[in-house]
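Now for the letters of each chain:
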Amino acid sequence: MGGDQALAVYQELRIHPDATFDEVADRFELSAEERERCRGELAALGLTEAGEPAGSGASPAPVVVDPDVALLRLLRRERDRLQERLAATSRTHTALEALAGPFLQAGATPRAEVEVEIVDAPDRVLRSLAELTETVRTAAHFMHTGSVRREEMGGELDRDRRWAERGVRVRAMYSRRAASVPEMAQHLEERAAVGVEIRLSSVVPMNMVLADENFAMLPTDPYEPSSPSILARGPGLVRSYVALYEYCWTAAAPYGQEDPAEKGCDGLSEQQRTALLMLASGIKDEQIARNLGVSLRTVSRLLSEVMQELGAASRFEAGVKAARLGLLDSEGNDRGL
């Protein structure tokens, strides 16, 4: 019930951006408890922010954040939290090994629930993936920030067929920009024909491989796919990555259901694109001007040109369209956020 009320309030705030939260809550005749719950839910999801203080003691109108922008911020926060947890788990694991090592005898103590390993040898990574092909039992989930290399496409299809014969559920998520490459589009069509569930998203936070809630592989640096890989085993840690994957999967669009009208239209200059990325990241005009080394008037002109190029009537709408067009995805432009 609370979620439905928060959604209704959010939609009303988007329709009437000058209205205060209390004004909208009055229209829906919400109780004091319901108002606080809705306010907390919207703030927790990053869909609203506190506005500038109003005069005469009136409550300020909340700043309504576009869903795509809120998702970008939420994904970054979740990614940072997971990286911190992984680092803490690795440190704890190393310390426990050092302290308990002299007292452990082979076979006397069960294996740790969580195993974390940093691997920088490409052949070791390939070996781990080959072993996964043989050992996965129920499900395998993939997240790709970029295109699959041509020489790997055939092997990936062979693996898909073998898993399909064994009843393994396979899901794969790609950025819209990668899927727009003709060769990749053909590969995705072939994977889908084998039975792989595919979804496309404007924002794919990192490369990731998950299996049976017991195995995870991801880069140590999400912005650098060639960085050493993290191999994690054990549900205690892997379930956290599965939760992140499920969140991204829900927000992505099923393959074949994207709007073709939203796939092109990238006539932005590098300066316009940079201004757009900083705007979507919640950076104020003054900071954008300082970062670009230009005047506030130039920033206003750049953002007006972006809105005109994207056919948007507002900055929020420009953010929505840019996300849908893949202009904010992690493959090329998300590094500056």
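Caption draft 1: Examining the overall build of the protein chain more closely. Across its full length, the protein chain carries 13 helices and 10 strands. Split into buried and exposed, the 337 residues of the protein chain put 42% on the buried side. For the protein chain, restricting intrachain contacts to residue pairs at least 6 apart in sequence, the fraction spanning at least 24 positions comes to 69%. Carbon together with sulfur atoms contributes 52% to the accessible area of the protein chain, which is approximately 17,700 Å² in total.

Caption draft 2: Layout of the pairing of strand E7 (residues 208-211). Alternating residues of E7 divide into Met208 and Leu210 and Val209 and Ala211, and every residue in both groups is buried. Here strand E4 (residues 139-144) pairs with E7 via 4 bridges, running antiparallel. Counterpart to Met143 in the pairing with E7 is Met208. Pairing of E7 with strand E8 (residues 215-219) involves 3 bridges; the strand directions are antiparallel. Bridging across to E8, Val209 finds its partner in Met217. The hairpin formed by E7 and E8 contains 3 residues between the paired strands, and Asp212 there has a positive phi angle of roughly 55°.

Caption draft 3: Structural detail: helix H5 (residues 122-135). The terminal C-alpha atoms of H5 lie 20 Å apart, and with 14 residues this matches the ideal 20 Å at 1.5 Å per residue to within 8%. Burial in H5 covers these residues: Val125, Ser128, Leu132 and Thr133. Burial along H5 is one-sided: seen end-on, the buried residues are contained in an arc of 145°. Elements that come into contact with the buried residues of H5 comprise strand E3 (115-119), helix H6 (150-166), E7, E8 and strand E9 (229-233).

Caption draft 4: Structural context of the sheet that holds E9. Pairing in this open sheet of 8 strands is mixed, and the strands run E3-E9-E8-E7-E4-E5-E6-E10 from one edge to the other. Of all strands in the sheet, those with a lone pairing partner are E3 and strand E10 (253-254), marking the two edges. Direction of pairing for E3 relative to E9: antiparallel, over a ladder of 5 bridges. What sits directly across from Glu117, in E9, is Leu231. Strand contacts of H6: E4 and strand E5 (169-175), with the helix running at about 155° to E4, the strand carrying the most contacts. Along the sheet, helix H9 (residues 235-251) makes contact with E3, E4, E5, strand E6 (197-201), E7, E8, E9 and E10, crossing E5 at roughly 65°.

Caption draft 5: Expanded view of the pairing of E9. E9 sits mainly inside the fold: 4 of its 5 residues count as buried. In this structure, E8 lies alongside E9, joined through 5 bridges in antiparallel fashion. Bridge pairing links Ala216 to Ala232 in E9.

Caption draft 6: Representation of the packing of helix H12 (residues 296-310) against helix H13 (residues 315-324) in the model. At a minimum axis separation of 9 Å, H12 and H13 run at an interaxial angle of 55°. Comparing the axis directions of H12 and H13 gives the class oblique. Here H12 and H13 pass one another in a crossing that is left-handed. Along its contact with H12, which presents Leu303, Met307 and Leu310, the element H13 presents Arg315, Ala318, Lys321 and Ala322. Of the residues belonging to the contact of H12 with H13, the class tally is 5 nonpolar, no polar and 2 charged.

Caption draft 7: Spatial organisation of the environment of Pro228. Considering the arrangement of structural elements, one finds Pro228 in the loop between E8 and E9. Relative accessible area serves as the criterion here: at 32%, Pro228 is assigned to the partly exposed category. The sequence separation of Pro228 and Val125 amounts to 103 residues, and the corresponding C-alpha distance is 9.3 Å. Each residue touching Pro228, except ones within four places of it in the same chain, is listed here: Ile118, Val119, Asp120, Leu218, Pro219 and Thr220.

Caption draft 8: Molecular detail of the packing of H6 against helix H8 (residues 182-194). At a closest axis distance of 9 Å, the pairing of H6 and H8 adopts a crossing angle of 10°. As judged from the angle between their axes, H6 and H8 are roughly parallel. Across from Arg150, Met153, Glu156, Leu157, Arg159, Asp160, Arg161 and Ala164 in H6, the residues of H8 making contact are Glu183, Met184, His187, Glu190, Arg191 and Val194. Here the residues of the contact of H6 with H8 sort into 5 nonpolar, 1 polar and 8 charged.

Caption draft 9: The arrangement of the pattern of salt bridges in detail. Counted by the stated rule, this structure contains 21 salt bridges. The shortest N-O distance in the salt bridge between Glu213 and Arg239 comes to 3.7 Å. Of the two residues, Glu213 is situated in the loop between E7 and E8 and Arg239 in helix H9; the sequence distance between them amounts to 26 residues. By relative accessible area, which is 40% here, Glu213 ends up partly exposed. When salt bridges that share partners are traced, they join Asp22, Asp26, Arg35, Glu36 and Arg39 into one network.

Each value, and the rule that gives it
- Along each chain, residues carry numbers from 1 onward, in the same order as the chain's sequence is written.
- Only residues with pLDDT of at least 70 are given local features in this predicted model, and only at 80 or more are side-chain atom pairs given and counted; all residues enter the totals for whole chains, interfaces and linings.
- To get the side-chain values, all heavy atoms of the structure are used, and hydrogens and water are removed first.
- In this text, helices come from DSSP runs of H or I with a minimum length of four residues, and strands from runs of E with a minimum of two, each type numbered from the N-terminal end.
- With a 1.4 Å probe rolled over the protein chains alone, any residue whose accessible area is under 20% of its type maximum counts as buried; one over 50% counts as exposed, and the rest are partly exposed.
- It only takes one pair of heavy atoms within 4.5 Å for two residues to be counted as in contact.
- Shrake-Rupley sampling with a 1.4 Å probe provides the accessible areas, and residues are treated as covered by the protein chains on show and by no other component.
- The pairing criterion for strands is at least two bridges between them, as found by DSSP.
- Each helix should span, by expectation, one fewer than its residue count multiplied by 1.5 Å.
- Taking the helix axis as origin, the arc is that swept by the directions to the C-beta atoms.
- For every element, the axis is a line fit to its C-alpha atoms; helices are fit only across the contacting stretch, and the angle between N-to-C directions ranges from 0 to 180 degrees.
- Between 65 and 115 degrees an angle is taken as roughly perpendicular, under 35 as roughly parallel, over 145 as roughly antiparallel, and anywhere else as oblique.
- A clockwise turn of the near helix away from the far one marks a right-handed crossing, whereas an anticlockwise turn of less than a right angle marks a left-handed crossing.
- Three categories are distinguished: nonpolar for Ala, Val, Leu, Ile, Met, Phe, Trp, Tyr, Cys and Pro, charged for Asp, Glu, Lys and Arg, and polar for the others, with Gly belonging to the last.
- A pair is scored as a salt bridge if a Lys or Arg side-chain nitrogen falls within 4 Å of a carboxyl oxygen belonging to Asp or Glu.

Honestly, it's all geometry; don't read function into it.
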